[in-house]
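# Understanding the architecture of this molecule
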Amino acid sequence: MRPSQADRLQLASNLPRRDASGARWRLPYAERPRYIQLETVTKCNAACPFCPQNEIDRGVAKMPDATWRNVVDMTRGWGVTYRPFLTNEPFVDVRQAEICRYIKEHDPTARVEHNTNGELVTEKVARAILEAGVDIMRFSIDGLSRETYEPSRVGVSFDRVYERVPRFLEIWREEGYEKRGVFTEVRLIEVPENRHEIEAYMEFWRPRCSEVVITQLYQWPWTGQTAADVVRKPCLKILDELFVYANGNVTICCWDVHERAVIGNVHEQTLEEIWTGYAANHLRALLDDGRRDLIHLCSRCNAYKDYDFKRFCVNRDG
(Lines give C-alpha, C1' and ligand atoms only; values in the text may rest on other atoms or scores of the structure.)
Protein backbone atom coordinates (compact mmCIF):
# COMPACT_ATOMS: atom_id res chain seq x y z
CA MET A 1 0.00 0.00 0.00
CA ARG A 2 1.22 3.48 -0.87
CA PRO A 3 1.49 6.02 1.98
CA SER A 4 -1.03 8.27 0.20
CA GLN A 5 -3.57 5.43 0.32
CA ALA A 6 -2.91 4.80 4.01
CA ASP A 7 -3.59 8.45 4.75
CA ARG A 8 -7.17 7.96 3.54
CA LEU A 9 -7.90 4.75 5.48
CA GLN A 10 -10.78 4.47 7.91
CA LEU A 11 -9.35 3.54 11.29
CA ALA A 12 -11.93 0.92 12.30
CA SER A 13 -11.28 -2.78 11.67
CA ASN A 14 -13.47 -5.82 12.33
CA LEU A 15 -10.72 -8.34 11.75
CA PRO A 16 -10.52 -10.75 14.72
CA ARG A 17 -7.03 -10.94 16.19
CA ARG A 18 -5.15 -11.64 19.36
CA ASP A 19 -5.24 -9.13 22.21
CA ALA A 20 -2.99 -6.18 21.53
CA SER A 21 -3.87 -3.98 24.48
CA GLY A 22 -0.24 -3.03 25.00
CA ALA A 23 0.51 -2.24 21.37
CA ARG A 24 1.83 1.15 20.35
CA TRP A 25 -0.26 1.24 17.18
CA ARG A 26 -3.43 -0.39 15.92
CA LEU A 27 -3.62 -0.56 12.16
CA PRO A 28 -6.97 -1.11 10.36
CA TYR A 29 -6.34 -4.50 8.81
CA ALA A 30 -8.93 -5.48 6.22
CA GLU A 31 -11.47 -8.17 7.09
CA ARG A 32 -10.39 -9.98 3.93
CA PRO A 33 -7.55 -9.24 1.52
CA ARG A 34 -8.44 -6.67 -1.12
CA TYR A 35 -5.41 -7.43 -3.27
CA ILE A 36 -4.08 -10.88 -4.13
CA GLN A 37 -0.90 -11.37 -6.13
CA LEU A 38 -0.34 -14.66 -7.93
CA GLU A 39 3.16 -15.71 -8.93
CA THR A 40 1.96 -17.58 -12.04
CA VAL A 41 5.57 -17.97 -13.23
CA THR A 42 8.91 -17.26 -11.58
CA LYS A 43 10.75 -16.00 -14.67
CA CYS A 44 11.43 -12.56 -16.10
CA ASN A 45 12.73 -11.32 -19.45
CA ALA A 46 14.85 -8.68 -17.67
CA ALA A 47 17.88 -8.73 -15.40
CA CYS A 48 17.44 -5.40 -13.64
CA PRO A 49 20.40 -4.68 -11.31
CA PHE A 50 18.14 -3.48 -8.48
CA CYS A 51 15.91 -6.59 -8.46
CA PRO A 52 16.66 -9.97 -6.80
CA GLN A 53 14.36 -11.82 -9.22
CA ASN A 54 17.16 -14.07 -10.44
CA GLU A 55 17.56 -15.45 -6.89
CA ILE A 56 14.10 -17.06 -6.87
CA ASP A 57 13.95 -20.82 -6.39
CA ARG A 58 10.48 -22.20 -5.66
CA GLY A 59 11.06 -25.75 -6.86
CA VAL A 60 8.53 -25.04 -9.61
CA ALA A 61 8.77 -22.45 -12.39
CA LYS A 62 5.08 -22.26 -13.23
CA MET A 63 1.98 -22.18 -11.03
CA PRO A 64 -0.30 -25.07 -12.00
CA ASP A 65 -3.66 -24.08 -13.47
CA ALA A 66 -5.41 -25.85 -10.62
CA THR A 67 -3.66 -23.61 -8.07
CA TRP A 68 -4.52 -20.21 -9.50
CA ARG A 69 -8.06 -21.36 -10.34
CA ASN A 70 -8.50 -22.55 -6.75
CA VAL A 71 -7.36 -19.18 -5.36
CA VAL A 72 -9.78 -17.34 -7.63
CA ASP A 73 -12.66 -19.71 -6.87
CA MET A 74 -12.28 -19.41 -3.10
CA THR A 75 -12.24 -15.60 -3.23
CA ARG A 76 -15.03 -14.90 -5.74
CA GLY A 77 -17.30 -12.07 -4.64
CA TRP A 78 -14.74 -10.56 -2.25
CA GLY A 79 -14.14 -7.50 -4.43
CA VAL A 80 -10.50 -8.50 -4.94
CA THR A 81 -8.04 -6.87 -7.30
CA TYR A 82 -6.00 -9.77 -8.64
CA ARG A 83 -2.43 -9.19 -9.79
CA PRO A 84 -1.23 -12.28 -11.71
CA PHE A 85 2.46 -11.57 -11.16
CA LEU A 86 4.88 -11.12 -8.29
CA THR A 87 8.64 -10.68 -8.71
CA ASN A 88 8.43 -11.54 -12.39
CA GLU A 89 7.31 -10.21 -15.76
CA PRO A 90 3.65 -11.24 -16.11
CA PHE A 91 3.70 -11.68 -19.87
CA VAL A 92 6.40 -14.33 -19.75
CA ASP A 93 3.30 -16.40 -18.93
CA VAL A 94 1.30 -16.90 -22.12
CA ARG A 95 -1.81 -17.76 -20.03
CA GLN A 96 -2.46 -14.17 -18.91
CA ALA A 97 -5.50 -13.56 -21.13
CA GLU A 98 -6.96 -16.91 -20.02
CA ILE A 99 -6.31 -16.07 -16.36
CA CYS A 100 -7.91 -12.65 -16.76
CA ARG A 101 -11.03 -14.10 -18.40
CA TYR A 102 -11.39 -16.70 -15.66
CA ILE A 103 -11.08 -14.08 -12.92
CA LYS A 104 -13.68 -11.79 -14.49
CA GLU A 105 -16.10 -14.64 -15.27
CA HIS A 106 -19.32 -14.35 -13.22
CA ASP A 107 -17.69 -11.95 -10.71
CA PRO A 108 -18.54 -8.28 -11.27
CA THR A 109 -16.59 -7.38 -8.10
CA ALA A 110 -13.25 -8.67 -9.41
CA ARG A 111 -10.56 -6.52 -11.00
CA VAL A 112 -7.35 -7.51 -12.79
CA GLU A 113 -4.16 -5.47 -12.71
CA HIS A 114 -0.82 -5.94 -14.46
CA ASN A 115 2.55 -4.27 -14.00
CA THR A 116 4.79 -4.98 -16.98
CA ASN A 117 7.97 -3.72 -18.59
CA GLY A 118 6.03 -3.84 -21.85
CA GLU A 119 8.53 -5.63 -24.07
CA LEU A 120 6.40 -8.76 -24.48
CA VAL A 121 3.12 -6.89 -25.00
CA THR A 122 2.84 -7.33 -28.75
CA GLU A 123 -0.26 -6.10 -30.57
CA LYS A 124 -1.69 -9.62 -30.39
CA VAL A 125 -1.11 -9.77 -26.63
CA ALA A 126 -2.48 -6.25 -26.18
CA ARG A 127 -5.74 -7.10 -27.92
CA ALA A 128 -6.07 -10.40 -26.07
CA ILE A 129 -5.62 -8.92 -22.60
CA LEU A 130 -7.90 -5.94 -23.32
CA GLU A 131 -10.61 -8.20 -24.74
CA ALA A 132 -10.25 -10.50 -21.70
CA GLY A 133 -11.26 -7.60 -19.44
CA VAL A 134 -8.10 -6.25 -17.80
CA ASP A 135 -8.85 -3.23 -15.59
CA ILE A 136 -5.43 -1.73 -14.90
CA MET A 137 -2.22 -1.78 -16.95
CA ARG A 138 0.91 -0.26 -15.45
CA PHE A 139 4.05 0.01 -17.60
CA SER A 140 7.41 0.36 -15.86
CA ILE A 141 9.66 2.32 -18.23
CA ASP A 142 12.72 3.81 -16.56
CA GLY A 143 13.95 6.23 -19.17
CA LEU A 144 13.09 8.27 -22.22
CA SER A 145 16.35 7.63 -24.04
CA ARG A 146 18.30 4.45 -24.73
CA GLU A 147 21.20 5.80 -22.68
CA THR A 148 19.14 6.10 -19.49
CA TYR A 149 16.82 3.14 -20.06
CA GLU A 150 19.16 0.26 -20.85
CA PRO A 151 21.34 0.38 -17.69
CA SER A 152 18.19 -0.01 -15.52
CA ARG A 153 16.27 -2.56 -17.61
CA VAL A 154 19.07 -4.91 -18.59
CA GLY A 155 18.04 -7.43 -21.23
CA VAL A 156 14.94 -5.53 -22.35
CA SER A 157 14.89 -3.95 -25.80
CA PHE A 158 14.39 -0.19 -25.67
CA ASP A 159 13.16 -0.21 -29.26
CA ARG A 160 10.53 -2.88 -28.68
CA VAL A 161 9.25 -1.14 -25.53
CA TYR A 162 8.91 2.20 -27.31
CA GLU A 163 7.18 0.50 -30.23
CA ARG A 164 4.81 -1.77 -28.32
CA VAL A 165 3.70 0.33 -25.34
CA PRO A 166 2.58 3.33 -27.45
CA ARG A 167 0.77 0.87 -29.75
CA PHE A 168 -1.02 -0.68 -26.76
CA LEU A 169 -2.09 2.79 -25.67
CA GLU A 170 -3.32 3.63 -29.17
CA ILE A 171 -5.53 0.52 -29.19
CA TRP A 172 -6.71 1.30 -25.65
CA ARG A 173 -7.81 4.79 -26.67
CA GLU A 174 -8.95 4.32 -30.28
CA GLU A 175 -10.96 1.16 -29.66
CA GLY A 176 -12.86 2.47 -26.65
CA TYR A 177 -11.17 0.77 -23.70
CA GLU A 178 -10.31 4.11 -22.11
CA LYS A 179 -13.99 5.12 -22.16
CA ARG A 180 -14.93 1.75 -20.65
CA GLY A 181 -12.83 2.59 -17.60
CA VAL A 182 -9.61 0.67 -18.23
CA PHE A 183 -6.83 2.55 -16.42
CA THR A 184 -3.32 2.87 -17.83
CA GLU A 185 -0.20 4.12 -16.09
CA VAL A 186 3.39 4.67 -17.15
CA ARG A 187 5.86 4.86 -14.28
CA LEU A 188 9.52 5.68 -13.91
CA ILE A 189 11.84 4.88 -11.03
CA GLU A 190 13.83 8.05 -10.46
CA VAL A 191 17.59 7.58 -10.27
CA PRO A 192 20.42 10.10 -10.81
CA GLU A 193 20.95 8.81 -14.35
CA ASN A 194 17.44 9.67 -15.55
CA ARG A 195 16.60 12.68 -13.40
CA HIS A 196 17.44 15.16 -16.17
CA GLU A 197 14.84 13.51 -18.44
CA ILE A 198 11.85 13.54 -16.13
CA GLU A 199 10.19 16.66 -17.51
CA ALA A 200 10.51 15.45 -21.11
CA TYR A 201 9.38 11.98 -20.02
CA MET A 202 6.22 13.45 -18.53
CA GLU A 203 5.57 15.48 -21.67
CA PHE A 204 5.94 12.38 -23.86
CA TRP A 205 3.77 9.97 -21.87
CA ARG A 206 1.15 12.17 -20.21
CA PRO A 207 -0.99 12.67 -23.36
CA ARG A 208 -0.88 8.93 -24.09
CA CYS A 209 -2.10 7.30 -20.85
CA SER A 210 -4.30 7.83 -17.79
CA GLU A 211 -1.48 8.76 -15.43
CA VAL A 212 2.29 9.13 -15.26
CA VAL A 213 3.98 8.29 -11.95
CA ILE A 214 7.52 9.11 -10.85
CA THR A 215 8.51 6.85 -7.97
CA GLN A 216 11.60 6.23 -5.85
CA LEU A 217 13.79 3.16 -5.80
CA TYR A 218 13.14 1.11 -2.66
CA GLN A 219 15.55 -1.19 -0.90
CA TRP A 220 14.57 -4.84 -0.74
CA PRO A 221 14.80 -6.55 2.69
CA TRP A 222 18.05 -8.35 3.40
CA THR A 223 20.06 -6.43 0.81
CA GLY A 224 22.75 -5.00 3.04
CA GLN A 225 20.74 -3.81 6.03
CA THR A 226 22.03 -4.70 9.48
CA ALA A 227 20.18 -5.20 12.77
CA ALA A 228 20.95 -1.58 13.57
CA ASP A 229 19.02 -0.46 10.49
CA VAL A 230 15.75 -2.09 11.50
CA VAL A 231 12.80 0.33 11.58
CA ARG A 232 10.78 0.06 14.80
CA LYS A 233 7.48 0.83 13.08
CA PRO A 234 4.44 -1.05 11.76
CA CYS A 235 4.10 -1.80 8.04
CA LEU A 236 1.55 -0.72 5.44
CA LYS A 237 2.28 -3.69 3.19
CA ILE A 238 0.24 -6.18 5.22
CA LEU A 239 -2.97 -4.15 5.67
CA ASP A 240 -4.97 -5.67 2.82
CA GLU A 241 -2.68 -7.72 0.57
CA LEU A 242 -1.72 -11.40 0.23
CA PHE A 243 0.89 -12.95 -2.02
CA VAL A 244 0.73 -16.50 -3.38
CA TYR A 245 3.87 -18.16 -4.72
CA ALA A 246 3.96 -20.60 -7.63
CA ASN A 247 4.35 -23.47 -5.12
CA GLY A 248 1.19 -22.48 -3.20
CA ASN A 249 2.92 -20.88 -0.22
CA VAL A 250 1.45 -17.58 0.97
CA THR A 251 3.48 -14.68 2.36
CA ILE A 252 2.67 -11.32 3.92
CA CYS A 253 4.94 -9.27 1.66
CA CYS A 254 5.68 -8.86 -2.05
CA TRP A 255 9.33 -8.22 -1.17
CA ASP A 256 9.67 -11.65 0.45
CA VAL A 257 11.65 -13.18 -2.41
CA HIS A 258 13.19 -15.94 -0.26
CA GLU A 259 10.00 -17.05 1.58
CA ARG A 260 11.05 -15.74 4.99
CA ALA A 261 7.50 -14.88 6.13
CA VAL A 262 5.30 -17.71 4.88
CA ILE A 263 1.98 -17.87 6.77
CA GLY A 264 0.24 -20.76 5.02
CA ASN A 265 -0.27 -22.74 1.82
CA VAL A 266 -3.33 -22.70 -0.44
CA HIS A 267 -3.08 -26.47 -0.93
CA GLU A 268 -3.67 -26.96 2.80
CA GLN A 269 -5.88 -24.01 3.86
CA THR A 270 -8.35 -21.57 2.40
CA LEU A 271 -7.27 -17.97 1.85
CA GLU A 272 -9.70 -16.88 4.56
CA GLU A 273 -8.16 -19.35 7.04
CA ILE A 274 -4.70 -18.05 6.18
CA TRP A 275 -5.73 -14.39 6.45
CA THR A 276 -7.39 -14.82 9.85
CA GLY A 277 -5.07 -17.55 11.14
CA TYR A 278 -2.60 -17.59 14.01
CA ALA A 279 0.53 -16.90 11.94
CA ALA A 280 -0.91 -13.80 10.26
CA ASN A 281 -2.41 -12.45 13.47
CA HIS A 282 0.81 -13.02 15.39
CA LEU A 283 2.82 -11.05 12.83
CA ARG A 284 0.26 -8.24 12.83
CA ALA A 285 0.45 -8.01 16.64
CA LEU A 286 4.26 -7.80 16.52
CA LEU A 287 4.14 -5.12 13.84
CA ASP A 288 1.51 -3.15 15.76
CA ASP A 289 4.12 -2.96 18.51
CA GLY A 290 6.85 -1.97 16.04
CA ARG A 291 8.75 -5.20 16.65
CA ARG A 292 10.08 -5.84 13.17
CA ASP A 293 13.21 -7.13 14.85
CA LEU A 294 11.28 -10.23 15.99
CA ILE A 295 10.14 -11.16 12.45
CA HIS A 296 12.82 -12.78 10.30
CA LEU A 297 11.87 -11.03 7.05
CA CYS A 298 11.18 -7.65 8.63
CA SER A 299 14.30 -7.65 10.82
CA ARG A 300 16.31 -6.38 7.84
CA CYS A 301 13.77 -4.03 6.30
CA ASN A 302 13.58 -0.24 6.38
CA ALA A 303 10.41 0.21 4.30
CA TYR A 304 8.18 3.13 5.31
CA LYS A 305 10.92 4.47 7.54
CA ASP A 306 9.83 8.04 6.77
CA TYR A 307 6.09 7.45 7.08
CA ASP A 308 4.37 9.01 10.08
CA PHE A 309 2.17 6.36 11.74
CA LYS A 310 0.89 8.82 14.36
CA ARG A 311 -2.75 8.60 13.25
CA PHE A 312 -2.71 4.88 14.09
CA CYS A 313 -1.18 5.40 17.53
CA VAL A 314 -2.97 3.99 20.61
CA ASN A 315 -0.09 4.45 23.03
CA ARG A 316 1.62 7.79 23.66
CA ASP A 317 5.06 6.28 23.32
CA GLY A 318 4.28 5.69 19.60
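A few points on the structure. The structure displayed is predicted, hence computed values, not measured ones.

What the rule picks out here adds up to 26 salt bridges. In this structure, the salt-bridge partner of Glu 241 is Arg 83, at a minimum N-O distance of 3.3 Å. Taken as a pair, Glu 241 in strand 7 (residues 241-244) and Arg 83 in strand 2 (residues 81-83) lie far apart in primary sequence, 158 residues in all. Pair check on accessibility: Glu 241 and Arg 83 agree, each one buried. Here Asp 142 and Arg 153 are joined by a salt bridge, their closest N and O atoms 2.8 Å apart. Here Asp 142 is found in the loop between strand 4 (136-140) and helix 5 (146-152), whereas its partner Arg 153 is found in the loop between helix 5 and helix 6 (158-174), with eleven residues between them in sequence.

Okay, the sheet that holds strand 4 next. In spatial order, the strands read 6-5-4-3-2-1-7-8-9; together these nine strands make up an open sheet with mixed pairing. Lying at the two open borders of the sheet, with one neighbouring strand each, are strand 6 (211-216) and strand 9 (262-265). The average undirected angle you get between the axes of adjacent strands in this sheet is 25 degrees. Of the pairings in the sheet, the one linking strand 1 (residues 35-38) to strand 2 comprises three bridges and is parallel in character. Bridged to Ile 36 within strand 2 is Tyr 82.

By the criterion of burial, strand 4 is predominantly enclosed, with five of the five residues buried. Both faces of strand 4 are covered, namely the face carrying Ile 136, Arg 138 and Ser 140 and the face carrying Met 137 and Phe 139. Where strand 3 (residues 111-116) lies against strand 4, four bridges are found, and the strand directions are parallel. Looking at strand 4, one finds that Thr 116 is bridged to Phe 139. The sheet contact formed by strand 4 and strand 5 (residues 183-190) spans five bridges and is parallel. Across the sheet, the residue bridging to Arg 138 is Glu 185, located in strand 5.

Another point: the side chain of Asn 88. Mapped onto the fold, Asn 88 is located in the loop between strand 2 and helix 3 (96-104). Within the structure, Asn 88 has its side chain in polar contact with the backbone oxygen of Val 41 (distance 3.5 Å).

Now for the nonpolar core. The nonpolar side chains of a soluble globular protein tend to be buried with one another. Ranked by size, the top nonpolar core spans 89 residues in total, and within it Phe 139, Ile 141, Phe 168, Leu 169 and Trp 205 carry the most contacts. Aside from chain neighbours lying at most four places away, what touches Phe 168 is Val 121, Ala 126, Ile 129, Leu 130, Met 137, Phe 139 and Thr 184.

What counts and what doesn't
Residues numbered from 1 in each chain as written. Predicted model: local features only at pLDDT ≥ 70, side-chain atom pairs only at ≥ 80, totals over all residues. Heavy atoms only, no water. Salt bridge = Lys/Arg side-chain N within 4 Å of Asp/Glu carboxyl O. Helix = DSSP H or I, 4+ residues; strand = E, 2+ residues; numbered from the N terminus. Buried < 20%, exposed > 50% of the residue type's maximum accessible area, 1.4 Å probe, protein only. Pairing = 2+ DSSP bridges. Axes fitted to C-alpha atoms, helices over the stretch in contact; angles between N-to-C directions. Polar contact = N/O pair within 3.5 Å; in protein donor to acceptor, adjacent residues only side chain to side chain. Core = buried A, V, L, I, M, F, W, Y, C linked by side-chain atoms within 4.5 Å. Contact = heavy atoms within 4.5 Å.

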